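Close look at the chain arrangement
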4 protein chains.
Amino acid sequence: MRPTPSTVPPQAAAPGPSLAERYRQVRTATERLAAPLSAEDCCVQSMPDASPVKWHLAHTTWFFETFILEPHEPGFHPFDPAFRVFFNSYYQGVGPQHPRPQRGLITRPALETVRAWRAEVDVRMERLLEGIEADGPVARLLELGLQHEQQHQELIVTDIKHLLWCNPGWPTYHPALPEALARDGLHKGGVPAQQWQRIEGGLAQVGHAGAGFAFDNELPRHTVYVQPCELGTRPVNNAQYLAFIEDGGYRHPALWLAEGWDWLRSQHIAHPLYWRQDAQGWSEFTLAGARPLAPAQPVAHLSYYEADAYARWAGARLPTEAEWEVAAAGLGTTDGHFADAGVLHPLPAAAGADATGLQQMFGDVWEWTQSSYAPYPGFAPAVGAVGEYNGKFMVNQYVLRGGSCATPAGHVRASYRNFFPTGARWQFSGLRLARDG
Amino acid sequence: MRPTPSTVPPQAAAPGPSLAERYRQVRTATERLAAPLSAEDCCVQSMPDASPVKWHLAHTTWFFETFILEPHEPGFHPFDPAFRVFFNSYYQGVGPQHPRPQRGLITRPALETVRAWRAEVDVRMERLLEGIEADGPVARLLELGLQHEQQHQELIVTDIKHLLWCNPGWPTYHPALPEALARDGLHKGGVPAQQWQRIEGGLAQVGHAGAGFAFDNELPRHTVYVQPCELGTRPVNNAQYLAFIEDGGYRHPALWLAEGWDWLRSQHIAHPLYWRQDAQGWSEFTLAGARPLAPAQPVAHLSYYEADAYARWAGARLPTEAEWEVAAAGLGTTDGHFADAGVLHPLPAAAGADATGLQQMFGDVWEWTQSSYAPYPGFAPAVGAVGEYNGKFMVNQYVLRGGSCATPAGHVRASYRNFFPTGARWQFSGLRLARDG
Amino acid sequence: MRPTPSTVPPQAAAPGPSLAERYRQVRTATERLAAPLSAEDCCVQSMPDASPVKWHLAHTTWFFETFILEPHEPGFHPFDPAFRVFFNSYYQGVGPQHPRPQRGLITRPALETVRAWRAEVDVRMERLLEGIEADGPVARLLELGLQHEQQHQELIVTDIKHLLWCNPGWPTYHPALPEALARDGLHKGGVPAQQWQRIEGGLAQVGHAGAGFAFDNELPRHTVYVQPCELGTRPVNNAQYLAFIEDGGYRHPALWLAEGWDWLRSQHIAHPLYWRQDAQGWSEFTLAGARPLAPAQPVAHLSYYEADAYARWAGARLPTEAEWEVAAAGLGTTDGHFADAGVLHPLPAAAGADATGLQQMFGDVWEWTQSSYAPYPGFAPAVGAVGEYNGKFMVNQYVLRGGSCATPAGHVRASYRNFFPTGARWQFSGLRLARDG
Amino acid sequence: MRPTPSTVPPQAAAPGPSLAERYRQVRTATERLAAPLSAEDCCVQSMPDASPVKWHLAHTTWFFETFILEPHEPGFHPFDPAFRVFFNSYYQGVGPQHPRPQRGLITRPALETVRAWRAEVDVRMERLLEGIEADGPVARLLELGLQHEQQHQELIVTDIKHLLWCNPGWPTYHPALPEALARDGLHKGGVPAQQWQRIEGGLAQVGHAGAGFAFDNELPRHTVYVQPCELGTRPVNNAQYLAFIEDGGYRHPALWLAEGWDWLRSQHIAHPLYWRQDAQGWSEFTLAGARPLAPAQPVAHLSYYEADAYARWAGARLPTEAEWEVAAAGLGTTDGHFADAGVLHPLPAAAGADATGLQQMFGDVWEWTQSSYAPYPGFAPAVGAVGEYNGKFMVNQYVLRGGSCATPAGHVRASYRNFFPTGARWQFSGLRLARDG
């Protein structure tokens with residue numbers, strides 16, 4: 001499942017808001033996401049892969065208390081020593097951890113205590129930040145902590161979505177999807193055709209370059225040789241995916257990886273997570289409740305197996321992460337539809353999306369690649385607990401690229417590598433087709 | 001696990017408080033038990049066998065709404081139609097049920113909504129009760145609903161105890177055990193000896209007799225032939241049980257039922273639930289937190305396997321339920337230490353407990369018998385959903401007798417049959433020895 | 001699962017063949033059962049509850065080597081010391097055991113080595129038996145070993161039936177069912193009606209009496225009080241059971257114990273083990289291959305849950321073991337259709353079976369009772385490993401009575417108690433109805 | 001687990017023995033491997049990942065009957081139509097398959113029947129081969145069938161090793177390891193030091209080239225960019241691995257992938273498969289029984305997790321498959337210690353192995369690479385059932401290179417890709433270190 005890649009980046013954040021301002025912005029954004037939820041909503045864990053919202057609120061605070069205040073604050077004392085164990089995710093170097101599948105049993109501390117902890121840490125952090133160098137080691141740890149908190153912001157969205165979906169009443173997180181989704185009406189006359197964008201092959205550089213923050217799994221930047229290929233101009237949408245279902249996609253073993261076929265049969269899977277078919281047709285659970293399936297909207301909540309099977313059915317394949325990165329880096333922008341828009345659901349392609357040119361590379365849905373998550377040549381883990389386990393998730397997971405409608409704006413970039421096991425579906429995970437060029 | 005035995009009793013409750021008064025007393029007692037708990041505490045389910053406190057608050061209300069208001073209130077309308085499914089435990093005749101292991105995922109309705117539901121149902125019930133016959137069918141259903149609610153009061157105590165114990169901080173439900181427990185000091189000089197009380201054999205009558213309420217599993221009263229035997233004068237206490245542990249009780253297969261030995265090994269069990277051994281010695285988790293093991297206190301939280309193994313080690317056996325009932329009926333009282341005392345933990349035997357005479361037959365701890373839970377000869381299930389499943393738990397469970405420190409006073413009697421699977425330990429379950437006479 | 005009840009009986013076998021003759025008869029009968037099977041058939045274990053035939057051949061030999069030759073043969077040396085562990089079933093007092101679910105991995109020793117072991121032990125046993133007292137302790141151990149071996153003879157039949165059924169080719173053990181089964185033709189015109197036989201209630205004696213052999217679980221003989229009741233004159237047959245299926249018996253939760261309903265749903269069960277429905281109708285797998293379902297034949301291969309549900313559907317119940325024993329003891333005979341007939345499949349009721357009088361109490365199918373397997377009052381385990389675990393299976397199992405078509409003739413009696421867990425179906429287990437009288 | 005990669009190769013085998021001669025050689029080699037085993041040994045399945053030897057004998061025959069005789073033999077009729085299902089491994093295009101975990105329940109057909117089937121198919125195949133073109137489609141299918149059979153030869157060795165190891169008597173497959181293993185004595189004075197061989201980076205070609213046979217997963221040959229690096233001159237040996245164990249390698253989470261740490265803890269793993277520690281020190285189970293651990297012998301039977309953890313502990317990493325292939329292709333030979341030597345156990349490095357130059361790249365042990373098993377750019381599955389599933393195992397498995405002491409000589413080459421899931425240990429799987437150059 002989603003780890004929390006973490007390391008001390010080689011260079012601190014680009015100029016912009018002050019450290020304290022940026023700290024305040026990120027911390028506030030987290031609380032805004034939790035605001036519509038009750039203490040009960042925040043306490044419960046719907047499955048071992050997901051965590052309670054209260055746990056996310058606490059664990060991100062634990063990060064600042066443990067890695068910044070404890071070593072750098074004069075006269076440091078913890079808010080509550082027990083929290084060191086309760087809210088440690090997987091840092092063996094920090095000490096023992098409360099078992100992940102039992103995070104939902106922690107009814108004490110109460111949500112309000114966790115909020116009080118956040119408030120106290122924020123006061124102490126902001127005091128500490130006043131005196132630090134903009135480019136020194138504490139600033140770099142701060143940046144790491146903020147990037148880490150942004151990753152948990154996305155998990156707050158996806159984990160609460162899963163919990164609310166488990167409730168047979170399909171309750172809502174926010175009242176209604178914004179009118180942006182009405183754009184779908186533009187496509188009433190038909191779904192835009194799939195176009196292809198050629199990617200020239202040859203030697204290329206991938207991995208992070210430049211001054212901004214990056215996780216260590218994006219490093220070192222290095223040379224790869226890429227074959228010429230073509231990428232779909234936009235992510236696969238619901239209409240396309242529905243055609244796959246209606247063509248018996250979930251019933252033909254020849255379309256599936258052997259392991260995917262076993263997965264599908266043992267779990268009785270016949271459609272993406274959050275879809276439902278009844279007498280009224282297909283609908284989808286969203287954070288604003290159920291709504292009829294929108295054909296032009298990128299398909300989301302697919303496992304790797306489903307993305308792979310769809311691509312095979314379509315006579316194509318998933319892109320490699322190098323192909324994706326080369327194409328994305330060429331755009332010169334990371335603009336897209338992210339969590340800050342408040343929709344928390346993928347948007348349909350724009351009207352012109354059947355024209356040429358890559359659309360929606362960033363935002364909307366994470367795009368599965370066919371690349372397993374592996375260290376880049378020369379990858380070296382950072383020293384100490386904060387970077388202790390940088391590579392420890394690099395096995396049996398696959399890379400997704402581009403961010404989603406639940407990712408904070410500004411968080412991703414062309415070299416950003418997300419990763420999940422092949423059966424994970426509760427993220428906003430979709431796909432873009434590729435084929436040999 | 002604990003079912004909710006339910007049937008229409010042959011005769012309604014004995015004279016005493018009015019129906020409405022009694023209704024109010026029982027309903028208020030339930031809320032008093034939940035009062036020290038937060039919404040988070042009330043929402044979470046610690047294991048499939050246990051239910052959230054919120055679920056207990058709701059399900060007991062569902063019972064009155066479904067079985068009394070719906071058929072008997074003019075112009076009935078449900079508080080929320082979805083609750084019919086959410087809070088149905090296992091009444092297939094009423095319709096589908098939310099899966100038991102997922103009761104803890106129901107963060108909506110909120111606790112406050114469930115409390116509002118309780119309040120509304122209480123108003124409507126009290127209005128209804130004004131016009132009904134003291135001895136008619138509605139009164140009988142009411143009595144059943146109140147007995148049912150009392151059973152759930154006990155489960156609120158045992159389920160919240162299990163949840164709090166799962167929290168590594170071992171938080172407390174109430175601040176401190178009352179000074180009653182200090183009585184243990186009386187035994188500092190040594191634990192009182194085990195005495196035996198002879199039970200004459202021969203033909204006897206068991207099962208409920210007389211005018212008061214009884215569950216259908218206590219009926220019909222019938223003849224049995226009992227062999228002469230002896231019962232321990234009091235339940236086995238912690239000091240006795242500790243001697244068993246220290247003698248290697250958990251390491252000798254010859255002391256255990258074969259299935260018990262497999263259970264112990266696969267679950268790595270070496271002491272009763274809620275016990276812990278560290279450098280300071282043995283301690284026990286209580287609803288008031290951890291405390292050193294009190295030697296003279298009845299041992300609790302044993303599985304059937306442990307009770308059986310202890311008895312074998314002690315050169316004795318578990319009593320049959322007939323032996324227990326014949327002995328208990330002879331006492332002429334059901335007095336004992338029950339939940340109303342507010343301690344919610346078993347008390348040590350009184351100073352004179354090494355004298356003759358049966359002590360603590362009622363209250364303190366449920367006593368495992370060697371009898372499997374089976375229908376009495378002539379047992380006939382009641383008609384309709386309310387009694388639909390009276391006997392459906394009569395397999396692979398064993399009978400416990402006498403009530404515990406978590407049972408509401410007045411709820412049990414000599415003929416009362418509780419029952420649990422052999423591996424259950426989260427109830428206040430102990431034992432009393434028996435031997436052939 | 002089927003234990004091997006074992007104890008030193010209070011009195012040795014009744015006069016008849018000499019000890020050596022009797023030994024030879026029983027040992028030869030075992031080998032006759034294995035004769036139609038290949039070394040491969042004898043090696044494989046189809047499920048943890050079943051054992052390979054080779055294991056049965058070896059374990060019964062282990063019993064004589066361990067409990068008779070080792071202590072009583074001058075200059076004893078084991079055939080192979082490793083066999084002491086390999087072929088110990090569950091005698092913890094003898095030492096460690098090879099894990100039960102891995103009995104099928106023992107390809108060495110080979111079947112022929114096990115046969116050589118049997119032959120050598122037989123020579124040594126027969127030499128030893130020449131010099132022993134007909135009524136002494138060795139003779140009593142011998143009788144126990146022979147009774148033990150007869151129990152394993154039945155398991156050879158039921159375990160190989162299960163293994164062959166697992167093979168999709170449904171291969172056969174013996175070529176054809178004898179013509180006795182053609183009797184079913186007699187009932188072409190209709191299935192004989194169910195009659196009832198009244199059993200007078202009152203005080204009765206149950207448990208073994210007299211001079212012959214009995215297992216310790218049949219002792220001590222003791223007084224019980226039985227309510228008046230009625231028993232079905234014959235076991236429930238396939239036609240009756242089919243009517244239950246066709247009436248939706250497997251689809252109505254109200255007919256089932258709650259645990260049985262869970263069992264049925266989680267295991268997708270909709271008919272007895274070994275039944276199959278296809279375009280040609282219902283057929284049944286037998287040791288002679290598939291054959292169309294014979295309506296007048298006693299239904300077999302039911303779990304306790306199915307027997308209980310059928311009885312409830314039929315407006316009746318299962319008998320208690322005391323009711324069954326009182327009725328069976330009154331017959332004055334244990335004649336019936338047993339394994340020695342060579343059919344190894346239950347026979348239809350005789351033509352006159354719709355007349356009064358109890359039919360087929362012995363042989364054909366084991367009859368589930370509603371009684372859990374529990375110690376009789378005063379039950380005392382024997383001393384030493386041979387009797388070490390007499391009672392260790394007395395929990396969560398239910399008693400079956402009367403023997404089956406796979407039981408050796410002469411092995412059972414009115415007081416004989418067989419027992420299995422509620423979900424076991426691979427024995428020839430059926431039922432006889434009872435109702436309150 | 002080990003699939004059976006299968007496709008129609010672009011070009012048939014190089015000149016050498018005639019098709020019929022080659023067919024006979026391969027088929028005979030298979031039977032020679034099974035010759036020391038009894039029918040019981042050949043029937044049993046020790047775990048779902050392994051198959052019975054009889055199944056291997058049958059499945060390889062099924063391949064020729066199904067893919068060559070059925071479409072190409074005039075008047076074809078199957079030996080037994082039921083075998084089409086019994087011995088289909090995973091070819092969904094051919095039809096249903098007997099469930100893999102139940103292969104060991106197939107006691108019928110008997111081993112001798114399977115041998116008769118082999119003999120008949122061999123006669124018919126050899127007759128057919130007389131009339132076919134040396135380079136036509138049937139010849140290409142034949143070559144595929146023979147390569148497939150060689151893969152199963154290796155599995156016969158590893159599967160029977162696992163089965164014999166499950167037997168607590170640790171029986172042997174062949175009487176004694178040949179004296180080749182005595183070479184270890186050469187190293188009594190100390191284990192040869194680890195040397196490094198530099199691999200120049202840059203653009204390189206990987207994948208199969210030339211006229212000989214290759215599986216489709218080795219195609220197409222394509223360009224990659226490799227970073228400069230160094231490879232260990234020989235595989236890691238037992239002495240090195242023991243140092244890792246003695247340094248607490250299995251107790252430090254920081255050395256392990258997170259998933260590997262969970263694997264190790266849940267399965268209680270503390271050393272390679274087949275190792276055992278007792279009072280005499282470390283020993284290893286081999287096909288010739290137990291022998292003391294030989295320090296200079298390549299370590300075998302490691303999972304990916306263990307290989308990865310060892311490399312991290314040693315300050316190195318696993319090679320990528322491209323690095324390995326570039327290095328191996330440079331050797332200009334595939335000579336090594338393979339199954340044909342009859343040892344079926346890895347040999348110690350030669351005396352000069354602490355000199356420079358790559359040793360033991362081929363044979364002895366399969367070497368885990370850090371590369372997940374993925375399609376090469378441009379990979380295209382073949383048409384029809386024979387190539388239906390060429391890529392269906394390309395997820396969550398990792399590539400191993402070089403062949404082992406159980407691989408038939410001549411079967412592997414520099415481009416050969418074997419693959420297994422990360423937890424698999426029953427193959428002869430070891431590792432060679434790599435580090436950035």
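Residues numbered from 1 in each chain as written. Chains lettered and ligands numbered in written order. Predicted model: local features only at pLDDT ≥ 70, side-chain atom pairs only at ≥ 80, totals over all residues. Heavy atoms only, no water.

**With respect to the confidence of the model for chain A**
The predicted coordinates should not be examined in detail at positions where pLDDT is low. All names here are of chain A. Overall, the prediction assigns chain A a mean pLDDT of 90, with 89% of residues at 70 or greater. Taken together, the stretch residues 1-14 has pLDDT below 50 and engages in 58 contacts with residues farther than four places along the chain or on a different chain. Contacts for the low-pLDDT stretch residues 185-189, under 50 throughout, to residues beyond four places or in other chains number seven contacts. Predicted complex, confidence summary: ipTM 0.93, pTM 0.94. (pLDDT = per-residue confidence, 0-100. Contact = heavy atoms within 4.5 Å.)

**Points about the side chain of R22(C)**
Residues and elements named next belong to chain C. Position of R22 among the secondary structure elements: in helix α1 (residues 19-34). Owing to a relative accessible area of 18%, R22 belongs among the buried residues under this scheme. In this structure the side chain of R22 is engaged in a polar contact, spanning 2.8 Å, whose partner is the side chain of E143. Beyond its immediate sequence surroundings of up to four residues, R22 is in contact with P17, E143, L146 and Q147. (Helix = DSSP H or I, 4+ residues; strand = E, 2+ residues; numbered from the N terminus. Buried < 20%, exposed > 50% of the residue type's maximum accessible area, 1.4 Å probe, protein only. Polar contact = N/O pair within 3.5 Å; in protein donor to acceptor, adjacent residues only side chain to side chain.)

**Overview of the sheet that holds strand β9 (residues 398-401) of chain D**
All names here are of chain D. Overall, mixed pairing links the four strands, which are arranged β10-β9-β8-β11 in an open sheet. This sheet does not close on itself; its edge strands, each paired only once, are β10 (418-420) and β11 (429-430). As paired elements, β9 and β10 share three bridges and run antiparallel to each other. The residue bridging L400 from the neighbouring strand is N418, located in β10. (Pairing = 2+ DSSP bridges.)

**A short note on the interface of chain B and chain A**
Contact with chain B, which involves 27 residues of that partner, is made by 27 residues of chain A. A combined buried area of about 2000 Å² lies between chain B and chain A, and 55% of that area is made up of carbon and sulfur atoms. Contact with chain A buries area across many residues of chain B, yet E40(B), L105(B) and R108(B) alone supply 36% of it, more than any other trio. Connecting chain B to chain A are four salt bridges. Note that E40(A) and K54(B) form a salt bridge whose closest N and O atoms lie 2.4 Å from each other. Summed over the shared surface of chain B and chain A, the result is twelve residue pairs in polar contact (both at pLDDT 80 or more). For the side of chain B that touches chain A, the secondary-structure elements that each account for two or more residues are α2 (39-43) and α6 (137-166) of chain B. Here the element with the most residues in the side of chain B that touches chain A is α2(B); it accounts for four residues. Classifying every residue of the side of chain B that touches chain A gives 15 nonpolar, eight polar and four charged. (Buried area = accessible area lost by both parts, 1.4 Å probe. Salt bridge = Lys/Arg side-chain N within 4 Å of Asp/Glu carboxyl O. Nonpolar A, V, L, I, M, F, W, Y, C, P; charged D, E, K, R; others polar.)

**Some words on the packing of aromatic side chains**
Summed over the entire model, instances satisfying the criterion amount to 136 aromatic pairs over all chains. Relative to F67(A), the ring of F63(A) lies with its centre 4.8 Å away and its plane at 65 degrees, an arrangement referred to as edge-to-face. Separated by four residues within a single helix, F63(A) and F67(A) lie in helix α3 (residues 53-72), roughly one turn from each other. Summarising the aromatic geometry, the rings of W324(C) and F362(C) are spaced 5.7 Å apart at their centres and angled 80 degrees between planes, so their arrangement reads as edge-to-face. With a gap of 38 residues between them, W324(C) in helix α10 (residues 321-329) and F362(C) in the loop between α10 and β8 (366-372) connect regions that are remote in the sequence. Of the two residues examined, W324(C) and F362(C), each falls in the buried class. Ring pairing ties together the aromatic residues Y241(A), F244(A), Y250(A), W256(A), W275(A), W282(A), Y310(A) and W313(A), which thus form one cluster. Above the plane of the ring of W170(B) lies R276(B), whose end atom (NZ or CZ) is 3.9 Å from the centre. Positioned above the aromatic ring of Y376(C) is the side chain of R417(C), whose terminal nitrogen or guanidinium carbon lies 4.0 Å from the ring centre. (Phe/Tyr/Trp six-rings, centres within 6.5 Å; stacked < 30°, edge-to-face > 60°. Lys NZ or Arg CZ within 6 Å of the ring centre and 35° of its normal.)

**Brief notes about the relation of the copies chain D and chain A**
The two copies are related by a screw operation: chain D maps onto chain A through 180 degrees of rotation and 0.0 Å of translation along the axis, at an RMSD of 0.0 Å. What we have between these two chains is a two-fold relation. The residues that chain D uses at the interface reappear at the interface of chain A in 100% of cases, marking a shared surface. (Least-squares fit on C-alpha atoms with pLDDT ≥ 70 in both.)

**Describing the pattern of salt bridges**
Summed over the entire model, instances satisfying the criterion amount to 88 salt bridges over all chains. Where D41(B) meets R108(A), a salt bridge forms, and the shortest distance between an N and an O atom there is 3.0 Å. With one member in each of two chains, D41(B) in helix α2 and R108(A) in the loop between α4 (83-86) and α5 (111-130) form a pair that bridges those chains. Between R432(B) and E367(B) there is a salt bridge, with the nearest N and O atoms lying 2.8 Å from each other. A residue pair is termed long-range when its members are at least 10 positions apart, and R432(B) in the loop between β11 (429-430) and β12 (434-436) and E367(B) in strand β8 (residues 366-372) qualify at 65 residues. The pair formed by R432(B) and E367(B) is uniform in burial state, with each residue classed as buried.

**Brief notes about the relation of the copies chain B and chain A**
Of the transformation placing chain B onto chain A, the axial shift is 0.0 Å and the rotation is 180 degrees, giving an RMSD of 0.0 Å. Of the interface residues in chain B, 100% have counterparts in chain A that sit at the interface too, so the contact is made through matching surfaces.

**A word on the domain arrangement of chain A**
Size of an interface: often given as the accessible area lost when the parts come together. All names here are of chain A. Domain parsing of chain A yields domain 1 (19-166) and domain 2 (177-436). Interface of domain 1 and domain 2: buried area, both sides summed, is about 2400 Å²; carbon and sulfur atoms make up 69% of it. Area buried by domain 1 at its contact with domain 2 is led by E154, K161 and W165, which between them contribute 29% of it. Connecting domain 1 to domain 2 are zero salt bridges. (Domains from an automatic or database assignment.)

**So, the side chain of R124(A)**
All names here are of chain A. Secondary-structure assignment places R124 in helix α5. At a separation of 2.7 Å, a polar atom in the side chain of R124 contacts the side chain of E73. The contact partners of R124, leaving out residues within four places of it in the chain, are L69, E73, F76 and H77.

**Quick notes on the pairing of strand β7 (residues 289-292) of chain B**
Each regular strand carries side chains that alternate between the two faces of the sheet. All names here are of chain B. In terms of strand pairing, strand β6 (residues 281-286) meets β7 through four bridges, oriented antiparallel. From the neighbouring strand, S283 faces β7, where its bridge partner is P292. Remark: two residues form the turn of the hairpin made by β6 and β7, two consecutive strands paired antiparallel.

**Re the sheet that holds strand β4 (residues 229-232) of chain A**
All names here are of chain A. Spatially, the three strands line up as an open sheet ordered β1-β4-β12, and their pairing is antiparallel. Each end of this open sheet is capped by a strand with a single partner; those strands are β1 (196-199) and β12 (434-436). The average angle at which neighbouring strand axes cross in this sheet is 25 degrees, direction not considered. Note that β4 and β12 share three bridges and pair antiparallel. Counterpart to L231 in the pairing with β12 is A434. Across the sheet, helix α10 (residues 321-329) touches β1, β4 and β12, and the angle it forms with β4 is around 75 degrees. (Axes fitted to C-alpha atoms, helices over the stretch in contact; angles between N-to-C directions.)

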